[in-house]
Each structure stands twice: as C-alpha cells, then as structure tokens.
Amino acid sequence: MIAVWRTLTFPFRLIPWWGYLLILGILAWLGRNILLIIVTIIAFHPIPVPPLFLSEPETVLEARLQDLDHFDHVRRNERSFTPEQRQAFGEAIDALGERAGQLTEAGFQLELARLQATIDNGHSNASATRMVQTFPRLPVRSAWMDGELRILRALPGHENLLGAEITAVNGIPAREALRRFRDAFGGNDQNFLSFAPLLLETPDYLAVAGMGSGETTMEVVLADGTPQIVQLSAVSPEEDAERVYSGELPMHWVRETDEWIAFEPARDPLFLQNPGNDYWFEALPDGETVYISIRSNLDDDSGEPLSAWVARAEAEIRALSPRQVIADQRFNGGGDLTQTEPLMSALGDIVGPDGHVYLLASGNTFSAGIVNMAMAKEAAPDRTIIMGEAIGDRLQFWAEGWWYSLPNSGFRARYSTGFYDLQNGCEGIFICHWGSLHIFPVIVDDLDINIAAPLTFEAYAAGRDPAMEAVLTAIRE
C-alpha cells in the first residue's frame, strides 16, 4: 500500500505545490482564451442553415415564401440592427410575402435587394453579379469612369461600341438610370457606382425600374466622338461565365468568357501590369521610390501565398531604402486584413522620418483595402498622402458575417456581425470583431483624398494614370 502511495504521489514530490498552481493558472488562461476564440468565431460567423424540411415548391408563390423564410436569417443575424430596425425588417419581409406572387423574378430579387439596402451597410448588400447571372443581358459591359458610363467589353459584332460613352438608356439619361437602382444597395455612392452598371445591362431589371422592356435603345457617343442610337437585344447567359463586376473592367484581362472583346488602352501603365499577380512591387527608375500594388487581400494564383509575399516584400523594400513608397489599393475589394498588416504598418518606418507614403485609392477600394490604407496612415499620419478617388465605404462599417443564398431564387447576399470604427476605435467584445478590437485597433482622423486624380476614360485610353502622375509631380516638387 505504501509503495502504491509513493508511486501516485511521486509527481507532487518532484514539482512543488506552487508549481501546480502555476500550471493550473496557465491552463485556465489558455482555456479561457481558446473558449473565447471559439465563441467569437461562432458569434461573428453564424452559418445560415436553410429552414428544415423544405418540400419541393409546387408554385412560384410557394417557392418565394420558402425563400423569405430563409431570408429571415438576415433579421436574426445582422448585428448592426437596432431592436426597432430588426422589428421593421421582419414586418417588411411579411409585407413582401403578401405580394411575392405578383412579382416577376427580377422584381422579386430587386425587392429583396431593397430590403437588404435598408441596413445601409456596404458589406450587407445583395450580390449584384449574382442578381444578373441568370438573366439575359445586353452584349456590352460598361464601367462608371469619372462621371461617364463607358463600354469596355463587347461581344463579337458590337466591337464598334468599345470605348463609347452611354449617355441614355431607353431615353433616360445614364446617371438618372443608375440612380433608379440606388435604393437597392446600402453604403456610399462610390462603391455603388462600381457595380450598378450591371443592372442597366439587364433588360429584366430595366423593366422593373420602369425603364422599358424588350429591345434596349442606347444613346451613345462613339470613341471617335460620333453620336449614335443603337438597338441592342439581350443574350442568354452562359453557364460557365465568370462573374465580373463593373469596377474590375479597367483591368482589360478580366473577362466573363474568352468570347468577350475588351477595350485595350494604348499602353499599360503600372497599375495594369503583371495581370497574373494580385500583389507585387517594383522599384522605380529614380532609385528612391517603390511602387506596391495590392489588388486583393487573398492569395492569388502566383503560387506565393500573400503572407509569404508580405514578409519578402517588407524585407526587400527595406533593403532598397526608398524615400517614397506608393501603395496602390485600387481594385482591392478586401479579404484578410491580418495578412498585410506587417507591411502596411511598416511603410512609414521604411521611408524614414523625411520620406512619404502615397496611397492610391478609388471607389472599388473596399473592406480590407480600406483597412490597409488606415494602417499605413496611422503609422505615419503626417507623411501619408492619399491620391485618386474617394474610397468605397465609410470609416464606420460592419463586416465579417456570412454569405447566404436563397434555396429557390438563388438570390445571394450577406449579413454582417463585426463592427469596425477606423476613426474612434471600437468597444465591445461581441460587437467589435476580434481583429479590430484586440490585434489591429487602427484609428485615423480620415481617409479623405488629399489630391483628386480620377481615372478618366481619356487618360485610360491613352495609357496614362492620373493618380501616378500626381504622385510623381508631388515627388519632384
């Protein structure tokens, strides 16, 4: 018996009593943090599960009512709602259910998007590319470029329209036609204009918005300045087509299928180079400036993970000892903000106390792309200069959450669960996302444009980049 007791108590003779208290304390601390991580993952990323036991709908109305049952995920999980907004949202779903059977398919999806838009949060929007994916669309694709709606893609037979400015759609001025869809998307105008042309290219949505049906009449001014009125018929969607939104179209290699013909500028300035890489950098010929392009905060297809590239880029750029760094966030719609933090926060230190950081932005700079800019400016607020066009969101926004698709219509949108406040900081363990609260609590006065340099169509066609030109002029001065 004594031998058994000595064997069982051996660890206690080897380690003093206070050592066990220390071990228990460490385990308790780790357990609390592991539990906190699990809870926050669940809290900020609740997975939308469709209603159980859905039967195969026998009518259009039954299908839409099933979709609205699933749509209730938004009311339950959208964290930005006040109690009053949550109640109003539920009542609006009920009201839509009463007339759901009277709507066209495009009409039903547009009404769902309008409900989403009442959240008025850029991340909590319908997916415009999914809204148009199953509908016949016109044989042209356009982008909003500094106040002009320009055709940048065309199907064979319509190449003469490449570069044309659309001035009116079915007799309605282009700007007004776009505004007809403004109530279907929350957030700011800059981001809205980066994808709104998708709906103008879809006759079913034109009809719902009271802008005519059947063939679409467009008033255009061709690239050579000739005014023309064209009649365009919709083309059935291709099943394997890539989903491309309007703000991506200046990247001329981005196409839905190989059949589409792109408008190509006279030459490729820096921001259009290296199409196979979403992140890259290059030392400029002056020997004192490095240009960095980050088009996405997600791994690209280059084979080098973003995190590995960030570590390599920081080391190699430091070795170059630049006096200026240009960080181009145009086309960066977001991703994982934690991946780029080491590089963006280090830019001010890299250029030194007398150097400058230039940030290039546009309306399709969104989410993690905006946080990238805030990280750089926070680290060197007096030496950071922002060029280009206004960013695609406010500095207070809700993100994280989850995408969901309705089971019958395929309508796709998301709800948001984690708050970011880049101006005042964020408080609240289950309000602020763990990244903004605990790891990267970024605070800046603003991300306003210091020098406006929009990408006009004329500059784009000539192969010029007004934002880079503005930076190089500032460096010379």
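Going by the structure above, here's the rest.
## Focus: the nonpolar core
Okay, step 1: Formed by 85 residues in total, the largest nonpolar core has its most connected members in Phe 71 and Phe 411.
Okay, step 2: Residues within four places of Phe 71 in sequence aside, it is in contact with Phe 89, Ile 93, Leu 112, Leu 115, Gln 116, Tyr 404, Leu 406 and Phe 411.
Okay, step 3: Counting residues in hydrophobic clusters, the runner-up holds 39 residues, among them Val 310, Ala 368, Leu 422 and Val 444.

## A look at the sheet that holds strand β8 (residues 279–283)
Okay, step 1: Spatially, the 6 strands line up as an open sheet ordered β8-β9-β10-β11-β12-β17, and their pairing is mixed. One side of each edge strand has no neighbouring strand; the edge strands of this open sheet are β8 and β17 (451–452).
Okay, step 2: Here strand β12 (residues 384–388) runs beside β17; their pairing, made up of 2 bridges, is parallel. When the bridges of β17 are listed, Gly 388 appears paired with Ala 452.
Okay, step 3: Sheet strands in contact with helix α12 (residues 306–320) are β8, β9 (289–294) and β10 (324–328), and its direction is about 10° off that of β8.
Okay, step 4: Taken strand by strand, helix α15 (residues 368–379) contacts β9, β11 (356–361) and β12, and its axis lies near 145° from that of β12.

## A closer look at unusual backbone geometry
Okay, step 1: Non-glycine residue Asn 274 carries a positive phi angle of around 55°.
Okay, step 2: One can find Asn 274 in the loop between β7 (261–262) and β8.
Okay, step 3: Residue class for Asn 274 comes out partly exposed when judged on its relative accessible area of 34%.
Okay, step 4: Although it is not a glycine, Ser 367 sits at a positive phi angle of roughly 55°.
Okay, step 5: Summarising the element assignment, Ser 367 is placed in the loop between β11 and α15.
Okay, step 6: Since its relative accessible area comes to 14%, Ser 367 is described here as buried.

## Remarks on the state of the cysteines
Working definition of a disulfide: a covalent bond connecting the sulfur atoms of two cysteines.
Okay, step 1: In the structure shown here, the tally under the stated rule is 1 disulfide.
Okay, step 2: Disulfide pairing is shown between Cys 426 and Cys 432; the S-S distance is 1.8 Å. The disulfide joining Cys 426 to Cys 432 has a torsion of about -95° about its S-S bond and is therefore left-handed. Residue Cys 426 shares its accessibility class with Cys 432, and that shared class is buried.

## A word on a negative patch on the surface
Okay, step 1: Among the surface-exposed residues, Glu 238, Glu 239, Asp 240 and Glu 259 lie close enough to one another that they form a single negatively charged patch.
Okay, step 2: Mapped onto the elements of the fold, Asp 240 is located in the loop between β6 (227–232) and β7.

## Concerning the pairing of strand β15 (residues 412–415)
Okay, step 1: Two strands pair when backbone bridges link them, and strand β14 (residues 402–405) and β15 are joined in this way by 4 bridges, in the antiparallel orientation. Across the sheet, residue Tyr 404 finds its bridge partner in β15, namely Ala 413.
Okay, step 2: Connecting β14 to the next strand, β15, in antiparallel fashion are 6 residues, including Gly 410 with a positive phi near 80°.

## Things to note about the layout of surface pockets
The method is simple in principle: a probe with the dimensions of a water molecule rolls over the atoms, and the space it marks as empty is what remains.
Okay, step 1: By volume, the second largest pocket amounts to about 460 Å³.
Okay, step 2: If you trace the second largest pocket, you find 21 residues lining it, with Trp 144, Asp 146, Ser 362, Gly 363 and Glu 389 closest to the centre.
Okay, step 3: The set of elements that each furnish at least two residues to the lining of the second largest pocket consists of β1 (140–145) and α9 (189–192).
Okay, step 4: Here the element with the most residues in the lining of the second largest pocket is β1; it accounts for 3 residues.
Okay, step 5: A breakdown of the residues in the lining of the second largest pocket according to their chemical character gives 9 nonpolar, 8 polar and 4 charged.

## A word on the packing of α12 against helix α13 (residues 337–344)
Helices that pack against each other are described as a pair by the angle of their axes relative to one another and the distance between those axes.
Okay, step 1: At a minimum axis separation of 9 Å, α12 and α13 run at an interaxial angle of 0°. If you check the angle between α12 and α13, you find them roughly parallel. Where α12 approaches α13, its residues Leu 306, Ser 307, Trp 309, Val 310, Ala 313 and Glu 314 are matched on the opposing element by Gln 339, Thr 340, Pro 342 and Leu 343.
Okay, step 2: Here the residues of the contact of α12 with α13 are counted per class, giving 6 nonpolar, 3 polar and 1 charged.

## Some words on the packing of aromatic side chains
Okay, step 1: A full pass over the atoms with the stated rule returns 17 aromatic pairs.
Okay, step 2: Each ring, one from Phe 271 and one from Phe 331, has its centre 6.1 Å from the other, and the planes form 10°; the classification is stacked. Highlighted residues: Phe 271 in the loop between β7 and β8 and Phe 331 in the loop between β10 and α13, separated in sequence by 60 residues. Considered together, Phe 271 and Phe 331 belong to a single accessibility category, that of buried residues.
Okay, step 3: Members of the aromatic cluster, connected to one another through ring pairs, are Phe 71, Phe 81, Phe 89, Tyr 404, Phe 411 and Tyr 415.
Okay, step 4: One residue, Arg 182, lies across the ring of Phe 192, its end atom 4.8 Å from the ring centre.
Okay, step 5: Residue placement shows Arg 330 over the ring face of Phe 271; its charged tip is 4.8 Å from the ring centre.

## Quick word on the pattern of salt bridges
Okay, step 1: Scanning the entire structure with this criterion turns up 23 salt bridges.
Okay, step 2: The partner of Glu 304 in a salt bridge is Arg 312, with the nearest N and O atoms 2.9 Å apart.
Okay, step 3: Residue classification places Glu 304 among the partly exposed positions, given a relative accessible area of 23%.
Okay, step 4: Close ionic contact of Arg 318 with Asp 349 constitutes a salt bridge, the shortest N to O distance being 2.8 Å.

## Observations regarding helix α5 (residues 83–99)
Okay, step 1: Its 17 residues give α5 an end-to-end C-alpha distance of 25 Å, which sits within 8% of 24 Å, the value for a rise of 1.5 Å per residue.
Okay, step 2: On its buried side, α5 packs onto α4 (60–77) and α6 (105–117).

## Digging into the environment of Glu 378
Okay, step 1: On the secondary structure map, Glu 378 appears in helix α15.
Okay, step 2: Taking relative accessible area as the criterion, Glu 378 reaches 38% and is therefore assigned partly exposed.
Okay, step 3: When neighbours within four sequence positions are excluded, Glu 378 is seen to be in contact with Pro 441, Val 442, Ile 443 and Val 444.
Okay, step 4: A polar side-chain atom of Glu 378 sits 3.1 Å from the main-chain amide nitrogen of Ile 443.

## Some remarks on α12
Think of an α-helix as turning once every 3.6 residues; residues three or four places apart then point the same way.
Okay, step 1: Taking 1.5 Å as the rise per residue, α12 with 15 residues should run 21 Å; its terminal C-alpha atoms sit 21 Å apart, in good agreement.
Okay, step 2: Of all the positions in α12, only Leu 306, Trp 309, Val 310, Ala 313, Glu 314 and Ile 317 are classed as buried. The arc enclosing the buried residues of α12, seen along the axis, measures out at 135°, which places them on a common side.
Okay, step 3: The elements touched by buried residues of α12 are β8, β9, β10, α13 and α14 (347–351).

Reading guide: rules and limits
- Residues numbered from 1 in each chain as written.
- Predicted model: local features only at pLDDT ≥ 70, side-chain atom pairs only at ≥ 80, totals over all residues.
- Heavy atoms only, no water.
- Core = buried A, V, L, I, M, F, W, Y, C linked by side-chain atoms within 4.5 Å.
- Buried < 20%, exposed > 50% of the residue type's maximum accessible area, 1.4 Å probe, protein only.
- Contact = heavy atoms within 4.5 Å.
- Pairing = 2+ DSSP bridges.
- Helix = DSSP H or I, 4+ residues; strand = E, 2+ residues; numbered from the N terminus.
- Axes fitted to C-alpha atoms, helices over the stretch in contact; angles between N-to-C directions.
- Disulfide = S-S within 2.5 Å.
- Patch = residues over 30% accessible without salt bridge, like charges linked within 9 Å, V, L, I, M, F, W, Y side chains within 5 Å.
- Areas by Shrake-Rupley, 256 points an atom, 1.4 Å probe, with all protein chains shown as cover.
- Salt bridge = Lys/Arg side-chain N within 4 Å of Asp/Glu carboxyl O.
- Lys, Arg positive; Asp, Glu negative; His and termini not counted.
- Charge placed at Lys NZ, Arg CZ, Asp CG, Glu CD.
- 1 Å grid on protein atoms, 1.4 Å probe; cavity = no way out; pocket = protein on both sides within 12 Å on 5 of 7 lines; lining within 4 Å.
- Points joined across faces, edges and corners; volume = space filled by probe spheres on them.
- Nonpolar A, V, L, I, M, F, W, Y, C, P; charged D, E, K, R; others polar.
- Parallel < 35°, antiparallel > 145°, perpendicular 65-115°, else oblique.
- Phe/Tyr/Trp six-rings, centres within 6.5 Å; stacked < 30°, edge-to-face > 60°.
- Lys NZ or Arg CZ within 6 Å of the ring centre and 35° of its normal.
- Expected span 1.5 Å × (residues − 1).
- Polar contact = N/O pair within 3.5 Å; in protein donor to acceptor, adjacent residues only side chain to side chain.
- Arc of directions from axis to C-beta.

In short, shape yes, function no, at least from these values alone.
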